[in-house]
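Observations on chain architecture
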Amino acid sequence: MKIINLVEDTKGNKLCEFEHGLSFYVETENHKLLVDTGATNMSLRNAKKLGIDLSKVDTVILSHGHYDHSGGIMPFSEINSSAKIYMRENVDGEYYNLKDNKEKYIGIDKDIIKLPQCVFVAEDIKIDDELYIFTGIEGNRYPAKGNLMLKEKKEDSYIQDTFSHEQYLVISYESKKILISGCAHKGIVNILDRYYEIYKNYPDIVISGFHMIQKDTYTDDDVARIKNTAVELLKTGAKFYSGHCTGQEAFDIMKEIMGDMLIQIHSGDSLL
């Protein structure tokens, strides 16, 4: 099995570029997958530099409806028109970052949903014995403060984004389970609670951003929330790979608690 990061926010492999985005290439016994595609066609360029042939990919999983995870889909579709692209049915909502009364559209290119290979997911779905997608996160433990700026536009007004357009991939490999998320806007602890409801245990490996990055100073309450999250993650016994939207300060706080059970991702890194 292979899991290789194609795009991340920070410099890693000297061959690879980096940007604000996330993309993974995954090889299993039966599949060649992309989980997210970064913000631009950089994921395609980095794949070529790493000797990865994306024309052989058979499955794409889009974690949620934001540009920094979906921007490579249209360029990918030009070299591969056969791979199925799994996304939530409401992935094309009007999603915005609203700060200081300035709006920035952060949703997907609407041309994506016109692609004939798109598969729109309404509920949990078993693709086959290797791949399973779940949704339906109800918990709200340790919510990400950065989510407060993220809105959905309905007619002429903004409402808080509930991130119902988010989904999570479980890969079964030999006797192991690998959970891959994107930004974990719903909260990584809540996502793991839902995983436990389904499987009655925890995954062996979790790959996800934790969306703890903040432009303002971390308050004592923020630090406490991050520490509590780290404690909860450590209880699962899983190994965690994180980066992208986690934020360096938050990562360092968690690393002190989680030690070797938390590994930072960089652009071009091989995880497995």
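Described in the following lines is the structure provided in the data block. (Residues numbered from 1 in each chain as written. Predicted model: local features only at pLDDT ≥ 70, side-chain atom pairs only at ≥ 80, totals over all residues. Heavy atoms only, no water.)

What follows concerns the overall build of the protein chain. Summing up its helical and strand segments, the protein chain has 6 helices and 17 strands in all. The C-alpha radius of gyration of the protein chain comes to 17 Å, within 12% of the 19 Å expected for a compact globule of 272 residues. Along the first, second and third principal axes, the C-alpha atoms of the protein chain reach 50 × 50 × 40 Å. Per-residue burial over the protein chain gives 52% buried out of 272 residues. Residue pairs at least 24 apart in sequence account for 70% of intrachain contacts in the protein chain once pairs closer than 6 positions are excluded. As displayed, the protein chain offers around 12,200 Å² of accessible surface, 48% of which is attributable to carbon and sulfur atoms. For the protein chain, the distance from the average site of its 32 positive side-chain charges to the average site of its 43 negative ones is 2 Å. (Helix = DSSP H or I, 4+ residues; strand = E, 2+ residues; numbered from the N terminus. Rg over C-alpha atoms; globule rule 2.2 N^0.38 Å. Buried < 20%, exposed > 50% of the residue type's maximum accessible area, 1.4 Å probe, protein only. Contact = heavy atoms within 4.5 Å. Areas by Shrake-Rupley, 256 points an atom, 1.4 Å probe, with all protein chains shown as cover. Lys, Arg positive; Asp, Glu negative; His and termini not counted. Charge placed at Lys NZ, Arg CZ, Asp CG, Glu CD.)

Let's shift gears to the packing of helix α5 (residues 220–236) against helix α6 (residues 248–258). It is the contact of α5 with α6, at a shortest axis distance of 9 Å, that shows an interaxial angle of 45°. In terms of orientation, α5 and α6 fall into the oblique class. When you trace α5 past α6, the crossing you get is right-handed. Of the residues in α6, those in contact with Val223, Ile226, Lys227, Thr229, Ala230, Val231, Leu233 and Leu234 of α5 are Ala250, Ile253, Met254, Ile257 and Met258. In terms of residue class, the contact of α5 with α6 is made up of 11 nonpolar, 1 polar and 1 charged. (Axes fitted to C-alpha atoms, helices over the stretch in contact; angles between N-to-C directions. Parallel < 35°, antiparallel > 145°, perpendicular 65-115°, else oblique. Left-handed = near helix turned anticlockwise from the far one by under 90°. Nonpolar A, V, L, I, M, F, W, Y, C, P; charged D, E, K, R; others polar.)

The next subject is the pairing of strand β1 (residues 2–7). Within a regular strand, the side chains alternate between the two sheet faces. Here β1 lies mainly inside the structure; 5 of its 6 residues are buried. As paired strands, β1 and strand β2 (residues 23–27) are joined by 5 bridges and run antiparallel to one another. Across the sheet, residue Lys2 finds its bridge partner in β2, namely Glu27. (Pairing = 2+ DSSP bridges.)

The strand order across the open sheet built from 6 strands is β1-β2-β3-β4-β5-β8, with neighbouring strands paired in mixed fashion. Two strands lie at the open edges of the sheet, namely β1 and β8 (118–121), each paired on one side alone. If you compare each strand with its neighbour and ignore which way they point, the axes differ by 20° on average. With 3 bridges connecting them, strand β4 (residues 59–61) and strand β5 (residues 84–88) associate as parallel partners. Paired with Val60 across the two strands is Ile85, which belongs to β5. Docked against the sheet, helix α1 (residues 42–49) engages β1, β2 and β3 (32–37), running at close to 130° with respect to β1.

Before going further, it helps to examine helix α4 (residues 188–199). Given 3.6 residues per helical turn, the α-helix brings residues three or four places apart onto the same face. Given a rise of 1.5 Å per residue, 12 residues ought to cover 16 Å, and the 16 Å separating the end C-alpha atoms of α4 matches this to within 8%. Within the sequence span of α4, burial applies to Ile188, Val189, Asn190, Ile191, Leu192, Arg194 and Tyr195. Its buried side turned inward, α4 meets β10 (131–134), β13 (168–173), β14 (176–180), β15 (205–207), α5 and β16 (239–242). (Expected span 1.5 Å × (residues − 1).)

The next point concerns the sheet that holds strand β9 (residues 125–126). Overall, mixed pairing links the 7 strands, which are arranged β9-β10-β13-β14-β15-β16-β17 in an open sheet. The outermost strands of the open sheet, each flanked by one partner alone, are β9 and β17 (262–264). Where β14 meets β15, 3 bridges bridge the pair, whose relative direction is parallel. By the bridge assignment for β15, Ile180 is matched with Ile207. On the sheet, α4 packs against β10, β13, β14, β15 and β16 and is oriented at approximately 120° with respect to β10.

So, about empty space enclosed by the protein. Over the atoms rolls a probe the size of a water molecule, and in doing so it shows where empty space is left. Per the counting criterion, the structure on display carries 1 cavity of 30 Å³ or more. The calculated volume of the largest cavity comes to roughly 80 Å³. In terms of lining, the largest cavity is formed by 13 residues, of which the most central are Tyr142, Gly187, Ile188, Phe210 and Met212. Here the residues of the lining of the largest cavity sort into 8 nonpolar, 3 polar and 2 charged. (1 Å grid on protein atoms, 1.4 Å probe; cavity = no way out; pocket = protein on both sides within 12 Å on 5 of 7 lines; lining within 4 Å. Points joined across faces, edges and corners; volume = space filled by probe spheres on them.)

What follows deals with the pattern of salt bridges. Think of it this way: side chains of opposite charge can pair up when their charged atoms draw near. Taken as a whole and judged by the stated rule, the model has 16 salt bridges. Note that Glu152 is salt-bridged to Lys154, the shortest N-O span being 3.4 Å. For Arg225, the salt bridge is made with Asp222, and the minimal N-O distance between the two is 3.3 Å. Residue Arg225 and its partner Asp222 are both found in helix α5; the two are separated by 3 residues, about one turn of the helix. Here Asp222 falls in the buried class, since its relative accessible area comes to 5%. (Salt bridge = Lys/Arg side-chain N within 4 Å of Asp/Glu carboxyl O.)

By themselves these figures say nothing about function.
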